[in-house]
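Analysis of the macromolecular model
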Amino acid sequence: TGQQGRDPGWDPLPWLIDQAHQRGMEFHAWLNPYRASLDVYTADYNSLTPQQRETQLMSALANMDDKNFAKKNPDLLIQGGKRILLNPGEPAARQHIYDTIDEIITNYNVDAIHFDDYFYNDVSLNSDYTLYMQTSGASSYDVESHKDWRREQVDILVETIHHRIKDFNDVFDRDVQFGISPWVGWA
């Protein structure tokens, strides 16, 4: 359509997959599993006042389509840098990612699902970790235990996706691959 996000009036994915397969190529679906929006904030999140954060977040969400998961679930977001992301520490956010992958592998003949820009945003304290601390009986915030908890949330996500794709392959006699691109910084 020449404009990002504009509905072309038809689903181009089956055609793209078919064209790749006709040419002997695999079609790999690359996803950014957490990304809700880029460049939401005019400056780094931590340098903005709470009022600026709220105003800029509300503006970004208002500009999203009403069907957008992030717009409908702002409580499942984490913020950092200039972006907003789905929070992998929230079971409902992980479920949305699972559902999205299930939809892709069920409805399209993709050969692989890959994650790009895979990371857990560097935020100081998530409300989900605060809830975990309260329910686990932790007496105070501990940086290392927060990092361990965050890694565990990512492990849960990755392991569940691995098993879901494996089960799908077993049931439907398919060979959908699953991979994750490592996050690196350019030298």
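Structural notes, computed from the coordinates. (Residues numbered from 1 in each chain as written. Predicted model: local features only at pLDDT ≥ 70, side-chain atom pairs only at ≥ 80, totals over all residues. Heavy atoms only, no water.)

Things to note about the pairing of strand β5 (residues 112-115)
Judged by which residues are buried, β5 turns out to be covered on both faces: Ala 112 and His 114 on one side and Ile 113 and Phe 115 on the other are all buried. Relative to β5, strand β1 (residues 28-31) runs parallel, the two being bridged by four bridges. From the neighbouring strand, Trp 30 faces β5, where its bridge partner is His 114. Two elements, β5 and strand β6 (residues 177-180), share four bridges in a ladder whose sense is parallel. The partner of Ile 113 across the bridge, within β6, is Phe 178. (Buried < 20%, exposed > 50% of the residue type's maximum accessible area, 1.4 Å probe, protein only. Helix = DSSP H or I, 4+ residues; strand = E, 2+ residues; numbered from the N terminus. Pairing = 2+ DSSP bridges.)

Let's talk about the sheet that holds strand β2 (residues 35-37)
Spatially, three strands are ordered β2-β4-β3 in an open sheet, and the strand pairing comes out antiparallel. At either end of the open sheet lies a strand with only one pairing partner, and these are β2 and β3 (77-80). Looking at each pair of strands side by side, their axes are set apart by 35° on average, direction ignored. Sheet analysis places β2 next to strand β4 (residues 83-86), joined by two bridges and oriented antiparallel. Among the inter-strand pairings, Arg 35 is bridged to a residue of β4, identified as Leu 85. (Axes fitted to C-alpha atoms, helices over the stretch in contact; angles between N-to-C directions.)

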